[in-house]
Amino acid sequence: MFRKKKLANTRGRREREMANVDKTQIRELLKQDRFRTELYGSLLEVIVNRLESQTRVVAENDLLLYVQHLFRIPPAEHRKLLERARQNGLSQQCVVRVHVQKAEKLAAKDANGLSDPYCMLSVVRNSQFVNLQTAKLNVVKSTTVKESSLSPEWNESFDLFVPRAEINDSHIQLQVWDYDGNIQGSSKKFSGVKGVGRKMKEVVSNKDDEEDDFMGFNSVPLTKIPTEGLDSWFKLRPSHSLQKISGRIRFKLELNPLTQSTGDAKHPDDVILAALLTAAVDRDHADFEIKKKEGASEEWNGKLSQFAQTLVHAYSEQHLMKLFTRAIVRWEVYMEIHLEKDPGLDALFVDGLLKTLEANSSGLKEPRSSSGSMVPGRYGVELLQVSMFKFVKKELEKIRNHRTVFSSQQNNYIINLGNLLLTFNKLRSMSLYKWLHKHTPSPPTSPDVRDDVVAALIAGTEDYYVTLYDKMLDESLEDQNHETNAEDPPFGGQDCRALIRLAEQLFRDLSFAQTFYHNVFSKILDIDYHSYVYRVVEKNLARDVGESMYNVNKTLSLIDDPNHVESETKSILLFRLYLTMRDLSCLAKHAKLIDIESKCLSARSSIKSNSSTLTENTTDEENRNTTDLTRYYDWFRPTVIRWLQMSRGRTHDRLRKAVALDKTKAVDEIVKHTSSAVDTIGCLSGVVDFWKSLSWPDPVDAYTIALRMTDDVANAIERYADLVHRKLREVGFFDDEGQFDVTEELCLTLNNLQYVKSFVENLPEKMNFQVIANNVEQHQEGLSGERVLITFRSLTSVAQIGMDKKIHSITSMVGSKMKPDIRKYLRSYAQQASRCGHGADFHKDQNQGDRKKLLDAANEAIRPLMKYLHNNILTLNEWLCAPNFKRVLEVLWKVTVQVLRKLALSEYSEHRPFFFFQCRHILNHHLVDFFHAEGSGISMNRMNGSEDYRILESELKMRCAKTEDLMRLFYMQMYDEQQRLASDPTYGYLNVHAWYDQLGEEINIDVISANELQPLDVNGLSDPFVTIKISPVMMFREHREKQTLVVKKTLDPLFDNESFCFSISKDKVALDGAVLHFTVLDHDVIGSNDLEGEAVIPLNILDGAVRGTANRNYRLPLTQPGSWCTKTNKSKPKQVRASSSTSNGFKQNELELATSFSNLTLNDDGLDFESTLAVSPLVLINARSSYDKDADEFSRGRRRLKSIAE
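First, a word on scope: everything that follows refers to the structure included in this document. Not measured: the values here are computed from a predicted model. Starting from 1, residues in each chain are numbered consecutively following that chain's sequence as written. Where local features are concerned, this predicted model is filtered to residues with pLDDT of at least 70; where side-chain atom pairs are given and counted, the filter is 80 or more; whole-chain, interface and lining totals use all residues. Calculation of side-chain values draws on the structure's entire complement of heavy atoms; hydrogens and water are dropped beforehand.

**A few points about empty space enclosed by the protein**
Put simply, the test is: For cavity detection a 1 Å grid was placed over the protein atoms alone, and a set of points counts as a cavity when a 1.4 Å probe fits there but cannot get out; an open set counts as a pocket when protein lies on both sides within 12 Å along at least five of seven lines, with lining residues being those that have an atom within 4 Å of a point. Grid points are joined across faces, edges and corners, and a volume is the space filled by probe spheres set on the points. Only DSSP runs of H or I reaching four residues or more are called helices, and only runs of E reaching two or more are called strands; each is numbered from the N terminus. We call Asp, Glu, Lys and Arg charged. Ala, Val, Leu, Ile, Met, Phe, Trp, Tyr, Cys and Pro are nonpolar, and the rest, Gly among them, are polar.
Counted according to the given criterion, the structure contains four cavities of 30 Å³ or more. Roughly 110 Å³ of internal volume is contained in the largest cavity. As for the largest cavity, its lining consists of Val659, Asp662, Thr664, Ser676, Tyr720, Val724, Lys727, Leu728, Glu745, Thr749 and Asn752. Within the residue set of the lining of the largest cavity, elements represented by two or more residues are helix H25 (699-730) and helix H26 (744-761). Of the residues assigned to the lining of the largest cavity, the class counts are four nonpolar, four polar and three charged. Approximately 90 Å³ is the volume attributed to the second largest cavity. As for the second largest cavity, its lining consists of ten residues, of which Glu45, Asn49, Ala85, Asn88 and Gly89 are closest to the centre. Looking at the lining of the second largest cavity residue by residue, the class counts come to three nonpolar, six polar and one charged.

Okay, here's the thing in structure tokens:
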């Protein structure tokens, strides 16, 4: 007892002597011979004292050689100290360190189906079971009881001492027992059938004292424990063969000798260990630095050589140093290198050091005093507190300078940053770090190290911004000194250039950081990196740009001309600044709103002093107080007008130069326009690109700007058209004199206009008019989207109309210049065609030979014209673009039709039908096919829809029609005119009853009465009678005209029993234009009868006919030939509305008779009512009376009726 007390006092005195030894003095101690001798002797004792099994892993001589070289001990001194160590003899005491970790799948011993396991362990002489509860052994250790568990975890360590001589015969035996006592007053419950059985066994056993249940054991020979220790699962064994044991247990065993202390040591064990570790670490780190200079790229991971590890481990174990003390010593030694060297230790190695500290710090308690050490020796908690916070400060400095420390130029920079953040995350979860922070007066960090990381991030961003701005200012000043116009009046250009470079660099850095740094910070520490960094940058940049733009706008307002060289240069610089600010503001959508001021209170004191000067420059102006980039565009409102004016001026200047320098040659073989069009499109595209780049955020202002730019584009396009048109006029294109030839210059000019016109056609898509309209409509002060689109369309439409006019004027001139040649060829055709058809009757089916001769003659006569058109069209098709080619085709089509119309219908209007038949043939089978070009030319709908073609086609169709078809058309026209007058007749009505009997093939007619006739006699009355015939007469010559009796002296005669019948076949009744022709006459005894009027009923609308109606009563308005029959219709007659009167059923039937004949076909050539719109059939019939007897007969009859009427 006295010896132990004396050793304790000696140890305490040593601790007090070393209390003032700083860890930085370890290297000073290593320089002292006395300390080196003490250290070296202690290490030699450790080496000599090792077990035999340990020497087989690392030989003793190798360790001796290593330690001699490590401390550079001379051989003589080495032998002397080694001899002294051997004389001290081997330590006869060894220690078995047992770390009981956990068990699993244990047997259930209690009624509740669980157990309350605990372990007992001791050193025994053999491997057989020894009941440690009853055996009389010197030392028996036991773990705590784990209540109600079959998979308990203990994680408890024990030291068992054993003499060196007994190692070969000793075993470490570990037993697992179920505790059956009352744990903290709790009573065990039982469940299930097995639980009831276990409870019954307890009751029946009738024990006075409760005994714990055995659950298994395992025994390990000490000789089987390797140098590095034994860590494994061990299966539990029964104590005898009748027991049923299950489960396994895991524990770790280490066997080491104890160093026999001589009492001569003046320094504690932890100081000796620290000195050994320092020497070994310095040696290995020096070797790493040598390799690094030789080209090695890997960082030092702190791993020691095998000899150093063996020596450190042996010393610690032989001196029974606490694990926590070892961890602190290891931490302090490595931290000295980490804190002094850059970049320091590998983050993964540091993480391992922290894990070791955390794992062995579970026994920390409240300190007894502010200066009390929790562990013996110098290396205690107080020293750990200092080094830990220094470590955190150094790592936070890396976070502050992470853009440099973890720059993209370094290898694995993201991995290294992630490892650093993982270290901080480890600190957050460490109970040791929380304990150190709690028990440190005025700790330099926050309780949650994540807040320190955020503060370092904000402070580092402030430093980064200030440093970068200063750098950009220096570069801008240097560039300005090299410019020739450095003596120009300042406008803030230096600041502007610096801000441009600053903003561009900030955008690049923030974009890069958002892509790489942000994800690492967010995933590991849940820090919104981008939001913090962006808001710091935003605050500083908004302040500096706002102040600079305030000064710039005041200076630019003094310059009136926006196209002034100085103003233009500065406007370009400001636009660059605007673009960078726009790009930067786009990053705000990924950044949350954060109160930076509250987040960086701890970091504010560390911000560079020059950054504070930036925050003091404030003014009263609103734009200089802006602290964010939300409305960055407000700074550029005064300059945006200058940008637009500069854009317009530069555009017009470029257009003028482009047209002046254009040599009217195609750019290449594929492109069908010249350089001026290319330059114009490039210039206008620049305007559109300017708009897209501008991307003005405010929707109402954006609409105004877009409207202004659209107007500029429209004016530029019209300006280009005027310049091109003027250039054509200067070269004489619009002169009437001289021969006209289709030239490449003409075609390229047209193509230029079309190419430029296509730009304005696509302008709505290029400038996203629809998007602008939607944005304006959503704005609370905006117009409706449709109103916006209408405004845009009006501007573009004006430009397109202007271009169309210019193109039309050129294409029309092409038609005008080709018109004389077309007229010449068509006149030649007419002369040839008119000489070859005299006497030919091509209407009769048996005269197909005559028809073919006429067509052949027409084909031959038109050949020169088609050749002329073909040659010119080929040239046009080769040089013109598709839209212009179709335009010219339409002009030439219109000119050709107009010339043919004038020639055929004016100069040759007296020719016979065969000539018009030939003209119609060449119109539809030559000209139409040529200009349609099988779908590649003008569409058929467009050609057929042209007014000139419709008039020409209709009149040619009429002029070449059969005489009987013209007569039928005449009666169709007469019936439509009759229906038009149904509601207000001039010459009265005729009421008849008519129908067609299909069985008898007879038309039955009852003449009923007439009303409101004209008084034709001197007595104011008339003597009316009615004649009835079927017309045209030459088609129904077998039917004679029939007549009623005369009714005397009346204007409203009633005809009694006046019934008539005509026998006629069904096919003739179905003919269009075949009519019942009624003539009402006034009977005169002396002289010829007078005409009251005439009316017709188409046969095919009678009841019983093809288009018949059920009503047989007809009220027919009377007409006279002189009122309409010689006039050409100007419009299609309208359908007649029924009268309100329905007396005798006649009025209602008038509505049913009001059927349009505009779609009735009279022959195979398609002659219909539309043809009468061009020329009256009666006029054509009269013209044929000189050579056609049917036409002569019809004309004489109509003239006779007209003379009677007159």
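**Quick look at the layout of surface pockets**
Its volume calculated, the largest pocket comes out at about 1,600 Å³. As for the largest pocket, its lining consists of 48 residues, of which Arg97, Glu317, Leu323, Arg326 and Asn360 are closest to the centre. Elements with a contribution of two residues or more to the lining of the largest pocket: strand E1 (93-104), strand E4 (153-163), strand E8 (248-257), helix H8 (269-293), helix H9 (306-318), helix H10 (323-340) and helix H11 (347-359). Looking at the lining of the largest pocket element by element, the count peaks at eight residues for H9. Grouping the constituent residues of the lining of the largest pocket by class yields 19 nonpolar, 16 polar and 13 charged.

**Things to note about the sheet that holds strand E11 (residues 1024-1031)**
Strand pairs in the sheet, formed through backbone hydrogen bonds, run parallel or antiparallel to each other. Cut-off, in case you're wondering: Strands pair, by our definition, only if DSSP identifies at least two bridges between them. Contacts are assigned to residue pairs with any non-hydrogen atoms lying within 4.5 Å of each other. Every axis corresponds to a line fitted to the C-alpha atoms, with the helix fit spanning only the stretch in contact, and the corresponding angles, defined between N-to-C directions, vary from 0 to 180 degrees.
Across the sheet, four strands lie side by side as E12-E11-E14-E15; this open sheet has antiparallel pairing. Each of the sheet's edge strands pairs with one partner strand only, and the pair in question is strand E12 (1042-1043) and strand E15 (1090-1098). Across eight bridges, E11 lies against strand E14 (residues 1075-1082) in antiparallel orientation. Bridge pairing in E14 links Val1026 to Val1080. Here helix H35 (residues 963-980) sits on the sheet and contacts E11, E14 and E15; the angle it forms with E15, its principal contact strand, is near 105 degrees.

**Here's the deal with the sheet that holds strand E6 (residues 213-221)**
One open sheet holds the four strands; their spatial order is E3-E2-E5-E6, and the pairing between them is antiparallel. This sheet does not close on itself; its edge strands, each paired only once, are strand E3 (141-142) and E6. Bridge count for strand E2 (residues 117-124) against E3 is two bridges, and the pairing is antiparallel. The residue bridging Leu121 from the neighbouring strand is Lys141, located in E3.

**Comments concerning the packing of aromatic side chains**
Rules: Geometry of aromatic contacts follows a simple scheme: Phe, Tyr and Trp rings, the Trp one being its six-membered ring, pair when their centres are within 6.5 Å, and the pair is stacked under 30 degrees between planes, edge-to-face over 60, tilted otherwise. Only protein chains enter the calculation, and the probe is 1.4 Å; a residue is then buried if its accessible area is under 20% of its type maximum, exposed if over 50%, and partly exposed in between. In this scheme, Lys NZ or Arg CZ marks a charge over a ring once it lies within 6 Å of the ring centre and within 35 degrees of the ring normal.
Taken as a whole and judged by the stated rule, the model has 39 aromatic pairs. Their ring planes at 25 degrees and their centres at 5.7 Å tell us that Tyr66 and Phe307 sit as a pair that is stacked. Of this pair, Tyr66 sits in helix H5 (residues 60-71) while Phe307 sits in helix H9; the two residues are 241 residues apart in sequence, bridging distant segments of the chain. Tyr66 sits in the buried class, given a relative accessible area of 10%. Overall, the relative accessible area of 30% leaves Phe307 in the partly exposed class. Note on Phe512 and Phe516: the rings are 4.7 Å apart at their centroids and 40 degrees apart in plane angle, and the pair reads as tilted. The exposure class of Phe516 is partly exposed, given its relative accessible area of 33%. Cation over ring: Lys824 sits above Tyr825, and NZ or CZ is 4.8 Å from the ring centre. The ring of Tyr989 carries Arg1115 above its face, with NZ or CZ at 3.8 Å from the centroid.

**Comments concerning the packing of H5 against helix H6 (residues 75-87)**
When two helices pack together, their arrangement is given by the angle between the helix axes and the distance between those axes. Here is the rule we go by: For classification purposes, an angle smaller than 35 degrees is called roughly parallel, one larger than 145 roughly antiparallel, one from 65 to 115 roughly perpendicular, and anything else oblique. A crossing counts as left-handed when the near helix is turned anticlockwise from the far one by less than a right angle, and as right-handed when that turn is clockwise.
It is at 11 Å that the axes of H5 and H6 come closest, and there the two elements cross at 130 degrees. By the angle class used here, H5 and H6 are oblique. In the packing of H5 onto H6, the handedness of the crossing is right-handed. Contact residues: H5 offers Glu60, Leu64 and Gln68, while H6 offers Pro75, His78, Leu82 and Arg86. For the contact of H5 with H6, the class distribution of residues is three nonpolar, two polar and two charged.

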